[in-house]
Amino acid sequence: INKQLASLGGLPNPNGARTERDLATYLAGTVVVETNKNNSIVSLRYTHRKPELAAQYLGWVVKAANDYVRGRQRETQLRYVEYLSQSAAKTTNVEQRLAIDNLLLQEERQLMMTEVDIPYAAKILDGPLVEPVNKVLKTLAIYAIAGLLIGAAIAMCRDLLPRKWRVW
């Protein structure tokens, strides 16, 4: 039924596969990014009822960020290396060729760093911190609010009941 209603409304299938946009929307709403201005350390905060899943999820976010930055840097370094290789082949001046060769060596080193499978842009300094979630307080608060609402509804509607049903 939900699928049919969504198709009538022009919305995506709620039971279908999720897209990258759905994941980005979920990340924007659940992962809180905090940057420390003093030392530029970024901390991620994610709340979930299962702490093991939260820790694993944040690990995946850090790995995806590393892979993304590494891939972008690899593309950039490849373009630099190709350009400098072509420039070195065309240059006849010895001093310019030495300068280009030194620059090419530096760029190739940086390109090699993108090929190594180590944390590239982000590294987990402290393990995930798991804070206990007190479900009892939440449950009590929900029941208290529901009780107050039901009591208010009864108090407001008591004059609408027939006189023989009233006990007060």
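Every value quoted in this text rests on a predicted model; they were computed, and no experiment measured them.

(A) Representation of the nonpolar core within the structure. Counting residues in each nonpolar core, the largest one holds 6 residues, listed as Val81, Leu84, Ala88, Ile100, Leu104 and Leu111. When contributions to this core are tallied by element, the ones reaching two or more residues are α3 (51-90) and α4 (94-115). With residues up to four places along the chain from it excluded, the contact list for Leu104 reads Val81, Leu84 and Ser85. In terms of nonpolar packing, the next biggest core, distinct from the first, is built from 5 residues, Val31, Tyr46, Ala54 and Leu58 among them.

(B) Just the pattern of salt bridges, in detail. By the definition in use, this model includes 4 salt bridges. Note that Glu34 is salt-bridged to Arg45, the shortest N-O span being 3.4 Å. One end of the pair, Glu34, is in strand β1 (residues 32-35); the other, Arg45, is in strand β2 (residues 42-45), and 11 residues separate them in sequence. Under the relative-accessibility criterion, Glu34 is labelled partly exposed at 31%. Judged by relative accessible area, Arg45 falls into the partly exposed class, the value being 47%. Notably, a salt bridge pairs Arg74 with Glu115, separated by 3.0 Å at the nearest N-O pair. Of this pair, Arg74 sits in helix α3 while Glu115 sits in helix α4, placing them 41 residues apart in sequence. Each of Lys63, Asp67 and Arg70 takes part in salt bridges that share partners, so that together they form one network.

Rules used throughout
Residues numbered from 1 in each chain as written. Predicted model: local features only at pLDDT ≥ 70, side-chain atom pairs only at ≥ 80, totals over all residues. Heavy atoms only, no water. Core = buried A, V, L, I, M, F, W, Y, C linked by side-chain atoms within 4.5 Å. Buried < 20%, exposed > 50% of the residue type's maximum accessible area, 1.4 Å probe, protein only. Helix = DSSP H or I, 4+ residues; strand = E, 2+ residues; numbered from the N terminus. Contact = heavy atoms within 4.5 Å. Salt bridge = Lys/Arg side-chain N within 4 Å of Asp/Glu carboxyl O.

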